[in-house]
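The lines below spell out each chain.
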Amino acid sequence: MATLVAGQTAPPPRSKFWRDVRRNLWPYVFISPFYLLYAVFGIFPLLYGLWLSFHTWDGISPMEWVGAENYSTLLFDDIWWKTIYNTVWLFFGATVPQLTIALILAFIINTPYIRGKDIFRAAYFMPIVASAVAVALIFNSLFGERYGILNHALSYVGLGPIDWLGSRHWLKPSIALVTIWQWTGYTMVIYLAGLQSINPELYEAARVDGALTRHIFRHITLPLLRPVILFQVILSIIGAMQNFDIPVMLAGGTQSSAPGGTDRAGLVSMVLIYWTAFKYTQFGYAAAMAFVLFVLIVLFSFLYNRWQGRNPTD
Amino acid sequence: MATTQVATSKPLVVQSSSQVQRRDRLSGPIGMFLLYAMLIGLALLTAFPFYYMLVTSTHRSATILRIPPPLWFGDALVQNYTDLISALPFWNAFANSTAIAAIHTVLVLFFCSLAGYAFAKYRFPGREGLFAFLLATLMVPGVIGLIPSFVIMRWLGWIDTWYPLIVPGIANAFGIFWMRQYIDSAIPNDLMDAARIDGAHEFRIYWNVIVPVIAPALAALAILTFMGKWNDFQWPLLILKEEAKYTLPVALSTLRSLRGTEIGVQILGATGAVLPILIVFLLASRQFIAGITAGAVKGG
């Protein structure tokens, strides 16, 4: 069929490249939906967002070109930088612990003498299947200040009560706790899959040579798992910087007129962008925020890659 | 797999390096006990919020806020349920979520397996470059697209419709990557060549020869896609205006804002969103986990 199509077309192909292209029309048709959709819903929004960030626009009246004014305003916008602080805080307070605990857990479960791997794996993985909104509703109740079950449990060891979601000191740790609960198992499962591709004979040889568990972890597991960890950390940077669901639901909800809770302690950048665009209808300003966040994400991923990406054996 | 490793590694370790083993506390009997205690403790801690969710949806606020809080099921399930369906159109939202996720999933399976097949089994000019581009799009943060995408949807007249929720991701990079990996490793070329000799059209080969043998990969992708769409929150929150069109997470998010809503009612709503996916997960955790790990490990 493909050769038939090539035979029908009249002008002789100019080069081998075009001849091959014509001979292979079908695979191009098969892959085209992705590129068409990505052009419309991926690339165009990217460029249009950048264009938008140089305008003021309420979403209805004509756009007005303001040059870099949105960016210069943003530079001195305390609330914006507070959201960046909160977002980065949550990255180090939730994502980094989550990635670390997951790595250690995966290492432990992967050791040959641990039984019931599948059960542990499924148990730890479970939270990720739950909708973030539902999770927030559940934890909202668990975190209750006077009657919540968490404070009740803490009272047995003489702690609290802690105003988990009401106080500006505890709101971020609360969001972090929920994030760690929801994501650790997921990350562990990915690390575990990476670990299972490491030849078990390597561990055995190391054991025979008398290596301790922590030596095996440092000198075999970590270097061999490096590409998986690198990929996972970069995806986590991208995800954590755009975190929305859990913070918005734990810090006031979607109808809140004061997003981010007490003293905006739980206000993350993505929530501020959402509110600025769709509640305060400052589309241009919000687009500038989005672009700055985009640049920060790329920058952080790049820096991490520079720091950890090189192969230590090179 | 695990049992054979245990069988081979244990005698080896005990005979050759017993002295080292004594220093290495993790694998001694006490160490093993502590390890298992920790692993089981963490598993219980992870499962507790789900248990709490089930218990709390059977209580009224008055008993939930008692000290100590209830840890066993109560008798207010029916009352909570009646309140829930009068507070929000729960089953309507449930049906919306199901329909949107199902339609989206079917389209994803079709377009992603088609493109994955093309990348796996055809040698065409630009294949490597196009595929590298596709993978690179996985790393592009979506934040900058949120506002313009909303504007585009408004131009298209798609606000408050299901199209923005169904259409944009149907040919997505992850799904194509996942299908390509599977088809590349699991389908022999002879299968297609035989069909080609019989004069089958290229699309027929995909539909009649490839699709029937990639069911396991389709199942894993289907589960993942369905779950992602079912739990999706930010985008439907932005797109859907009319309550009758709400998906479950959007409908539930309004419960959070209603002052004085019974806690048990809120949690019962959450249960309605969590339980269907949780049951599927418990029945098919292998496919779930296979789908999620594929991208991260092989992609890295």
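About the thresholds
Numbers given to residues run from 1 along each chain, matching the order in which its sequence is written. Written order determines the labels here, with chains lettered from A and ligands numbered from 1. Owing to the predicted nature of the model, reporting of local features is limited to residues with pLDDT of at least 70; listing and counting of side-chain atom pairs is limited to 80 or more, with chain, interface and lining totals taken over all residues. In this description a helix means any DSSP run of H or I spanning at least four residues, a strand means any run of E spanning at least two, and both kinds are numbered starting from the N terminus. The reference for a compact globule is 2.2 Å times residues^0.38; the radius of gyration itself is calculated from the C-alpha atoms. Any residue whose C-beta has 12 or fewer other C-beta atoms within 10 Å is treated as exposed, any with 20 or more as buried, and any in between as partly exposed, C-beta atoms being built from the backbone. Contact criterion: two residues are in contact if their C-beta atoms, reconstructed from the backbone, are within 7 Å. Think of a nonpolar core as buried Ala, Val, Leu, Ile, Met, Phe, Trp, Tyr and Cys residues, each tied to the set through C-beta atoms within 7 Å. The domain boundaries here were taken from an automatic or database domain assignment. The span you would expect from a helix comes to 1.5 Å times its residue count less one. Note that the bend at a residue is defined as the angle between axes fitted to the seven residues ending at it and the seven residues starting at it. Amino acids outside the nonpolar list (Ala, Val, Leu, Ile, Met, Phe, Trp, Tyr, Cys, Pro) and the charged list (Asp, Glu, Lys, Arg) are all regarded as polar, and Gly is one of them. Angles shown run from 0 to 180 degrees and are taken between the N-to-C directions of axes, each axis being a line fitted to C-alpha atoms and, for helices, limited to the stretch in contact. Note on terminology: angles under 35 degrees are roughly parallel, angles over 145 are roughly antiparallel, angles of 65 to 115 are roughly perpendicular, and the others are oblique.

A. Up close: the overall build of chain A. What chain A contains, in helices and strands, is 14 helices and two strands. Since a compact globule built from 314 residues should have a radius of gyration of about 20 Å, the 25 Å found for chain A marks it as more spread out than a globular shape. Along the three orthogonal principal directions, the C-alpha set of chain A runs to about 85 × 70 × 35 Å. Within chain A, the proportion of its 314 residues that are buried is 43%. Looking at chain A alone, contacts between residues at least 24 apart form 67% of all its contacts between residues at least 6 apart.

B. Quick look at the nonpolar core. Within the largest apolar cluster, 160 residues are counted, with the highest numbers of intra-cluster contacts made by A290 of chain A together with A115 of chain B. It is helix α9 (residues 171-196) of chain A that contributes the most residues to this core, 15 residues altogether. Both domains that furnish three or more residues to this core are identified here as domain 1 (19-84) and domain 2 (88-299) of chain B. Setting aside residues up to four positions removed in sequence, A115 of chain B forms contacts with F30, I31, P33 and F34 of chain A together with A171 and I176 of chain B.

C. Highlighting the domain arrangement of chain B. All names here are of chain B. Domain annotation of chain B identifies domain 1 (19-84) and domain 2 (88-299). Once you take the C-alpha centre of each, domain 1 and domain 2 turn out to be 32 Å apart. The interface is formed by 13 residues belonging to domain 1 together with 11 residues belonging to domain 2. Among the elements that line the side of domain 1 that touches domain 2, the one with the most residues is helix α5 (residues 77-87), at four residues.

D. How the structure looks around the environment of I31 of chain A. Its place among the elements puts I31 of chain A in helix α3 (residues 25-52). With 27 C-beta atoms packed within 10 Å, I31 of chain A lands in the buried category. Aside from chain neighbours lying at most four places away, what touches I31 of chain A is A115, A118, F119 and L130 of chain B.

E. α9 of chain A, seen in detail. Residues and elements named next belong to chain A. A rise of 1.5 Å per residue sets the reference length of α9, with its 26 residues, at 38 Å; its end C-alpha atoms lie 38 Å apart and thus fit the reference within 8%. Most pronounced at W183, the bend in α9 amounts to some 35 degrees. In terms of residue burial, α9 counts as a mostly covered element, since 23 of its 26 residues are buried.

F. Local environment of the interface of chain B and chain A. Across the boundary between the two partners, chain B contributes 85 residues, which contact 88 residues of chain A. The biggest single contributor to the side of chain B that touches chain A is helix α3 (residues 29-56) of chain B, with 10 residues. Residues that form the side of chain B that touches chain A fall into these classes: 60 nonpolar, 21 polar and four charged.

G. Highlighting the packing of helix α6 (residues 117-125) of chain A against α9 of chain A. Residue and element names in this part refer to chain A. Contact geometry of α6 with α9 gives a least axis separation of 7 Å together with a crossing angle of 140 degrees. The orientation of α6 relative to α9 falls into the category oblique. Contact residues: R121, Y124 and F125 in α6; T184, G185, Y186, M188, V189 and L192 in α9. Considering only residue class, the contact of α6 with α9 consists of six nonpolar, two polar and one charged.

H. Unusual backbone geometry, seen in detail. Residues and elements named next belong to chain A. The phi torsion at R264 lies on the positive side, around 55 degrees, for a residue other than glycine. Within the secondary structure layout, R264 lies in the loop between α12 (245-250) and α13 (269-278). Judged by the 21 C-beta atoms lying within 10 Å of it, R264 falls in the buried class.

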